[in-house]
Amino acid sequence: MRDANNLEASDRFKYLLYSRAFRSVALIYMSLAFSLYLVALHVSIINVGLVAAATMLFMIFLTLLLGFIGDRKGYRAELVIAEAIAFIGALIIALSSTVTYIIAGMIIAGLSGGAGGMRGAFSPGTNAFIANNYTDEKIRIKKYSMVTMTASAAAIGGSLLFSIVTPLSGLVGLLDAYRYMFLLSSMLLGVSTLLLLCLKDAKRPVKTTRVMKASSAKYSLRVITANTIGGIGMGVFMPLLPLWFKLSYDANPLEIGIIFGAVYLFTALGSYISSIIAHKYDTLNTASYTRVFSGLLLFAMAVSPTLIIAGMIYIARAIIAGYGSPSRTTVSVRGINSEDYGTATSVQGVASRVAQLSSGASGYLLDYALPMPLLVGGIFQLASGISYKMLFKKSK
């Protein structure tokens, strides 16, 4: 089913999916390699957490700037600029051999570890683009599901690239193995950028305010409250998760890559199920309950005795996250005026990234006790799910 608002723009949606696939392969490798590459360069665990926090600061500025650009120049332009910046950052990492330049490239590329690499400044632009081009909420859920499913399925390729580091290091050394994969990732981001040029914005309403309408701001405040709580949890447990597997179970890049490959496969499965049946159920309930269950599973994962059990729990969490994510995205834009999609989604994204500055504490928590990042993160994820139900129960 196509949105009659703009058939040509609808027909070009496939290019967004193609771009998302290339992006996921690249960014997932880079995000998984983030903490382990820095540790291999003799950066301390605490400083790795601080680099993740610096990345969040840069993303805050960039996301907000791109949101204003999107509302005025088009959401395609917002997406292209975001992707081009990630490409430049990846290239800097690949071509640099000094820690300072490598860290600078990671900040520019938006790397902060774990699955967060799937988002960055790209996510608010995607949300705004889909919200603008597809006005029917049921179609939006399907489109968001397709993007999440594509990103998660393609992310398996990123985890495979990460797995290649182990055998490749036997031939060229560990540091060069990482660098070669970063170079390949930068090429994939270049292709992704070119594909985004093929998109077309549906006709947008004229911007009548300098920032956003009062109704959009009021609704966004509720979204920001719920996402801030969840963002604190994400910032605490996600950035150093690959390192957590290594320190907790002595896992190597191959084993970690296999786990994350399975996670992305089952996230895609969850999103696929969402695209088929989620629109038949209450969107808010789906958004809330899936976040609650995600938090509970982090508690179980934190005390898992073996790598296999921890990996299986994380995979189960991936199915739930993949199923719930499109519904949460739909809830976040349902009360936004159509002329404010870019600014509103960017402000919401900025708030989440401000909350994820808690990543600066992740290194300290991991250094204090290995289960701590997941336990603290799980508490905030649980609270975020409950807040969705409380804050949006009167929204229609």
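Residues numbered from 1 in each chain as written. Predicted model: local features only at pLDDT ≥ 70, side-chain atom pairs only at ≥ 80, totals over all residues. Heavy atoms only, no water.

This part takes up the confidence of the model for the protein. As a general rule, the predicted coordinates of low-pLDDT regions are not to be interpreted in detail. For the protein, mean pLDDT is 86; residues scoring 70 or higher make up 91% of the total. Considering each helix and strand of the protein separately, the mean pLDDT is smallest for helix H1 (residues 7–11), with a value of 59, and largest for helix H8 (residues 174–196), with 96. Confidence drops under a pLDDT of 50 for residues 1–5, and excluding neighbours within four residues, the segment shows 13 contacts in the predicted structure. Note that residues 114–118 has pLDDT below 50 and, in this model, 16 contacts with residues that lie over four places away or in other chains. (pLDDT = per-residue confidence, 0-100. Helix = DSSP H or I, 4+ residues; strand = E, 2+ residues; numbered from the N terminus. Contact = heavy atoms within 4.5 Å.)

Quick look at the nonpolar core now. Counting 66 residues, the largest nonpolar core has Tyr 29, Phe 182, Leu 241, Phe 245 and Met 301 as its most contacted members. The biggest single contributor to this core is helix H2 (residues 13–40), with 12 residues. Dropping the residues within four chain positions of it, Met 301 is found in contact with Leu 241, Trp 244, Phe 245, Tyr 249, Ala 310, Ile 313, Tyr 314 and Leu 374. Ranked by size, the runner-up nonpolar core spans 29 residues in total, among them Tyr 75, Tyr 219, Val 331 and Phe 392. (Core = buried A, V, L, I, M, F, W, Y, C linked by side-chain atoms within 4.5 Å. Buried < 20%, exposed > 50% of the residue type's maximum accessible area, 1.4 Å probe, protein only.)

Okay, the packing of helix H9 (residues 214–237) against helix H13 (residues 307–333) next. Closest axis-to-axis distance for the H9/H13 pair is 12 Å, and the angle between their directions is 155°. Comparing the axis directions of H9 and H13 gives the class roughly antiparallel. At the point where H9 passes H13, the crossing takes the left-handed sense. Facing Tyr 219, Val 223, Met 234 and Phe 237 of H9, the residues of H13 in contact are Arg 317, Val 331 and Ser 332. Looking at the contact of H9 with H13 residue by residue, the classes come out as five nonpolar, one polar and one charged. (Axes fitted to C-alpha atoms, helices over the stretch in contact; angles between N-to-C directions. Parallel < 35°, antiparallel > 145°, perpendicular 65-115°, else oblique. Left-handed = near helix turned anticlockwise from the far one by under 90°. Nonpolar A, V, L, I, M, F, W, Y, C, P; charged D, E, K, R; others polar.)

Contact geometry for helix H3 (residues 45–73) and helix H5 (residues 99–109): axes closest at 8 Å, N-to-C directions at 45°. When the axes of H3 and H5 are compared, the pair comes out oblique. The element H3 and its partner H5 pack so that their crossing is right-handed. When H3 is examined against H5, the residues Val 51, Ala 54, Thr 55, Phe 58 and Met 59 are found in contact with a partner set consisting of Ile 103, Met 106, Ile 107 and Ile 108.

Taken as a whole and assessed by the stated rule, the structure comprises 14 aromatic pairs. Relative to Phe 245, the ring of Trp 244 lies with its centre 5.2 Å away and its plane at 70°, an arrangement referred to as edge-to-face. For the pair formed by Trp 244 and Phe 245, the shared burial category is buried. Grouped by ring-pair contacts, the aromatic residues Trp 244, Phe 245, Tyr 249, Phe 260, Tyr 264 and Tyr 314 constitute a single cluster. Looking at Lys 143, its charged tip hangs above the ring of Phe 13, at a distance of 4.4 Å from the centre. (Phe/Tyr/Trp six-rings, centres within 6.5 Å; stacked < 30°, edge-to-face > 60°. Lys NZ or Arg CZ within 6 Å of the ring centre and 35° of its normal.)

What follows is about H5. Note: α-helices contain 3.6 residues per turn, so residues at a spacing of three or four share the same orientation. All of the buried residues along H5 are Ile 102, Ile 103, Gly 105, Met 106, Ile 107 and Ala 109. Contact partners of the buried residues in H5: H2, H3, helix H4 (75–95) and H8. At the C-terminal side of H5, Gly 110 shows a positive phi close to 85°.

In terms of backbone geometry, most residues other than glycine have negative phi values and most peptide bonds are trans. Phi at His 42 takes a positive value of approximately 70°, unusual for a residue other than glycine. Looking at the element boundaries, His 42 is found in the loop between H2 and H3. At Asp 250, a position not held by glycine, the phi torsion is positive, near 55°. Along the polypeptide, Asp 250 turns up in the loop between helix H10 (241–249) and helix H11 (253–277). Overall, Asp 250 belongs to the exposed group, its relative accessible area being 62%.

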